Number of protein chains: 2
Amino acid sequence: MKQVLLKARPQGFPKASDFAVDTAPIPTPGPDQMLLRTIWLSVDPFMRLGLDEKPLGGNNGVPLDSVMIGDAVSEVVESNLEGFAPGDFVICRSGWREYAVVGAGTQNLRKIEPAKNAPLSGAIGALGMPGQTSYAGMVTVGRVKEGETVVISAAAGAVGIIAGQIGKLKGARVVGIAGGADKCAAVVAAGFDACVDYKAADFEEKLKAAVPDGIDLYFDNVGGDVTHTVLPLVKYGARWASCGFISNYDVPDYGPGPDRMPWLLRMIMLKGLEIRGFNGAIVGGKPALDQMRAWVEDGSIKIKQTVFDGLDKAPVAFESLFKSNANVGKVVIKVAKDA
Amino acid sequence: MKQVLLKARPQGFPKASDFAVDTAPIPTPGPDQMLLRTIWLSVDPFMRLGLDEKPLGGNNGVPLDSVMIGDAVSEVVESNLEGFAPGDFVICRSGWREYAVVGAGTQNLRKIEPAKNAPLSGAIGALGMPGQTSYAGMVTVGRVKEGETVVISAAAGAVGIIAGQIGKLKGARVVGIAGGADKCAAVVAAGFDACVDYKAADFEEKLKAAVPDGIDLYFDNVGGDVTHTVLPLVKYGARWASCGFISNYDVPDYGPGPDRMPWLLRMIMLKGLEIRGFNGAIVGGKPALDQMRAWVEDGSIKIKQTVFDGLDKAPVAFESLFKSNANVGKVVIKVAKDA
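Structure report, in brief. Each chain has its residues counted from 1, following the order in which its sequence is written. Chain letters and ligand numbers both follow the written order, the letters beginning at A and the numbers at 1. For this predicted model, a pLDDT threshold of at least 70 governs which residues receive local features, and a threshold of 80 or more governs which side-chain atom pairs are given and counted, while totals over whole chains, interfaces and linings are taken from all residues. To obtain the side-chain values, all non-hydrogen atoms of the structure were included, while hydrogens and water were left out.

**Some thoughts on the relation of the copies chain A and chain B**
Part 1 of the argument: Its rotation angle being 180°, the transformation that places chain A on chain B also includes 0.0 Å of axial translation and leaves an RMSD of 0.0 Å. The superposition of one copy onto the other is thereby described by a two-fold rotation axis. Superposition of the copies was done by least squares, using only C-alpha atoms of residues whose pLDDT is at least 70 in both.

**Quick notes on the packing of aromatic side chains**
Part 1 of the argument: Only Phe, Tyr and Trp rings are paired, with Trp represented by its six-membered ring, and only when their centres lie within 6.5 Å; those with planes under 30 degrees apart are stacked, over 60 edge-to-face, the remainder tilted. Enumeration according to the criterion identifies 17 aromatic pairs over all chains in this entry.
Part 2 of the argument: Consider the rings of B:Phe19 and B:Phe318, whose centres lie 5.9 Å apart with planes at 80°: the pair is edge-to-face. With B:Phe19 in strand S2 (residues 19-23) and B:Phe318 in helix H8 (residues 314-320), this pair connects stretches of sequence that are 299 residues apart. The same class applies to B:Phe19 as to B:Phe318, namely buried.
Part 3 of the argument: Their ring planes at 85° and their centres at 6.2 Å tell us that B:Phe219 and B:Phe278 sit as a pair that is edge-to-face. Separated by 59 residues along the polypeptide, B:Phe219 in strand S11 (residues 215-220) and B:Phe278 in the loop between strand S13 (274-277) and helix H7 (280-297) bring together distant segments of the chain. Considered together, B:Phe219 and B:Phe278 belong to a single accessibility category, that of buried residues.
Part 4 of the argument: In this arrangement the basic side chain of A:Lys111 is found over the ring face of A:Phe84, its NZ or CZ atom lying 5.7 Å from the centre. To qualify as a helix, a DSSP run of H or I must reach at least 4 residues; to qualify as a strand, a run of E must reach at least 2; elements of each kind are numbered from the N terminus. Each residue is placed in one exposure class: buried if its accessible area under a 1.4 Å probe, protein chains only, is under 20% of its type's maximum, exposed if it is over 50%, and partly exposed if it falls in between. Distance and angle both matter: a charge sits over a ring if NZ of Lys or CZ of Arg is within 6 Å of the ring centre and within 35 degrees of the ring normal.

**Quick look at unusual backbone geometry**
Across the chain, the bulk of peptide bonds are trans and the bulk of non-glycine residues have phi less than zero.
Part 1 of the argument: In this structure, A:Pro258 follows A:Gly257 across a cis peptide bond, with omega equal to 5°.
Part 2 of the argument: Mapped onto the elements of the fold, A:Pro258 is located in the loop between strand S12 (234-242) and helix H6 (261-270).
Part 3 of the argument: If you check the backbone angles, A:Asp65 has positive phi at about 65° while not being a glycine.
Part 4 of the argument: Note that A:Asp65 resides in the loop between strand S3 (33-42) and strand S4 (72-79).
Part 5 of the argument: Positive phi is not limited to glycine here, since B:Asp32 has a value of about 55°.

**Observations concerning the interface of chain A and chain B**
Part 1 of the argument: In this assembly, 43 residues from chain A lie in contact with 43 residues from chain B.
Part 2 of the argument: Joining two parts hides part of their accessible area as seen by a 1.4 Å probe, and the buried area is that hidden amount summed over both. Buried surface at the junction of chain A and chain B, both sides included, amounts to about 3,900 Å², of which 64% is carbon and sulfur.
Part 3 of the argument: The three residues of chain A that bury the most area against chain B are A:Met261, A:Arg266 and A:Met269, which together make up 19% of that side's buried surface.
Part 4 of the argument: By definition, a salt bridge exists where a carboxyl oxygen of Asp or Glu is found within 4 Å of a side-chain nitrogen of Lys or Arg. Connecting chain A to chain B are two salt bridges.
Part 5 of the argument: A:Asp259 is the salt-bridge partner of B:Arg260, the closest N and O atoms lying 3.0 Å from each other.
Part 6 of the argument: Elements that contribute at least two residues to the side of chain A that touches chain B include exactly helix H5 (224-230), S12, H6 and strand S13 (274-277) of chain A.
Part 7 of the argument: With nine residues, H6(A) is the largest single contributor of residues to the side of chain A that touches chain B.
Part 8 of the argument: Gly falls in the polar group here, along with every residue not listed as nonpolar (Ala, Val, Leu, Ile, Met, Phe, Trp, Tyr, Cys, Pro) or charged (Asp, Glu, Lys, Arg). Considering only residue class, the side of chain A that touches chain B consists of 24 nonpolar, 13 polar and six charged.
Part 9 of the argument: Bridging between S13(A) and S13(B) involves three bridges; their strand directions are antiparallel. Its bridge partner being in S13(B), A:Ile275 is matched across the sheet by B:Ile275. Residue contacts follow a heavy-atom distance rule, with two residues in contact if any of their heavy atoms lie within 4.5 Å. Only when DSSP finds a minimum of two bridges between them are two strands counted as paired.

All quantities given are derived from atomic positions and should not be read as evidence of function.
If you want it as structure tokens, here you go:
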């Protein structure tokens, strides 16, 4: 079988060349273990944070020359583990490989039931962690209300594109920020009221025009210059759901000056900002999963994904998360057929 | 009568020389106005924010060569204003002058009743805006709970020294941060469990030792390097009541590099921080004033103040807020006798 190893610690954003495809024998499950066949593999920006010598924020570290971590949707091939039988579909953090042996303690392990209006990969998208994150940010943390104005950065991303749909379901005006005209068009097609291209020279002007009454809720996945442009436009007392800061995932801690910390502290106080950094899986929990499933099954939320074909493509797909590209929605790797 | 004029816009922190003492005739109240005799004058760090060409954050701007703004406790001398009679004590933003004519629309105007265990200046301290701010930050925003660990920066300041007493009343472990051994001793004498000197070479080490279980609530009045040292020590999910950032009141927006914004965004997300910038008067409101009065009258909260004698001293007192100095508690200027 094929598997993908981490060969070099990324310098800045990850590159496909930090990884290498390798082969290994298909493993055999011992007692209380099962053999999984990987069908869909997930690549998520947060995975970058586990790739430094010292993994950040409780993320799993990955030793060099070992299999890259990652959540996957798999089929049970053989099982010595109670509660799991061949033919079952599961999600867990089984890594970048075509087959994996896992036990009950494997991170994120749960059985999944196919859902209406969703591919099996929904379990690593709208029906899984990214969906929980969108829900937690918009509803639990963001408390979005009818008639409010919401701005979502990385609006075309796995989390952003669902968050915007939740905002619309809740009756808010939803403005996305994304890179390039094509992505912005895809974001509007997904139901956002508007989407502003942060790469355009008139980004600030266009954003101002899109939020004439100011911003009640900022759902931030990006940080950096985008956030620097957004914050002056928020209303007094606005909420800021801080979901990620992908623009700075290449910066270990500090960027080149000037220091924007005084500016940010001033914004926090003078705007009476309420900010919350959150982990979607923790904050959203099961209620978020249940609500997302209900919304997908009744057609309220549409799943969007960009598919890369074959395990070999996992490094390229991961690199693409951090680059200007055409990805819309959740990026998934189709490793094998569903059945 | 004497009055104090703003003569130069401060470059960086304010200096006494940005102001000049002037004389003017005692004004005469018109219809619906009253004449006040200033007794106690307040100097507060936030007043710096109104002194730039463009006042920040809704603060009152002060034109050059006009009377400096400021809250004061005064006695009504003559009144054509309904509800106010000679001999009443009032607080309002009447400015740096020995007498003032004000109307019903004057900012912060309210009658004050002398309180047990408090000088009249309590109305611009623990029984006024600074007290509201301490309450709002610790209770409304900070939700301090028994057994928690709280860190308060600028602990010897008007707000900090009350905030710490509130923390103790609520059963928390309260650690202050202040500049110099004398101030730290005064903070501990006010009831804090410990106080760490941020000017000492071993500040970080001492702070770590003072919060062995991490920090649940950070009540921040300082920002900058102090906050940079505190944040790595907060627990996951900690609250950060952002009350002020006095270390950066001299920086218009950006300081010299490196840029700490990526670090701060990373802290927010990886620590699952909840931050709220707040205005104590708005957030605390009347319930905060009522509770503070009850605590002062029953002896639970002790008022601490540093007194400068005479209106001429207002510029020096204001400058002293931003400098290393011996001030403990609320800084007030005694302009005239109480009766």
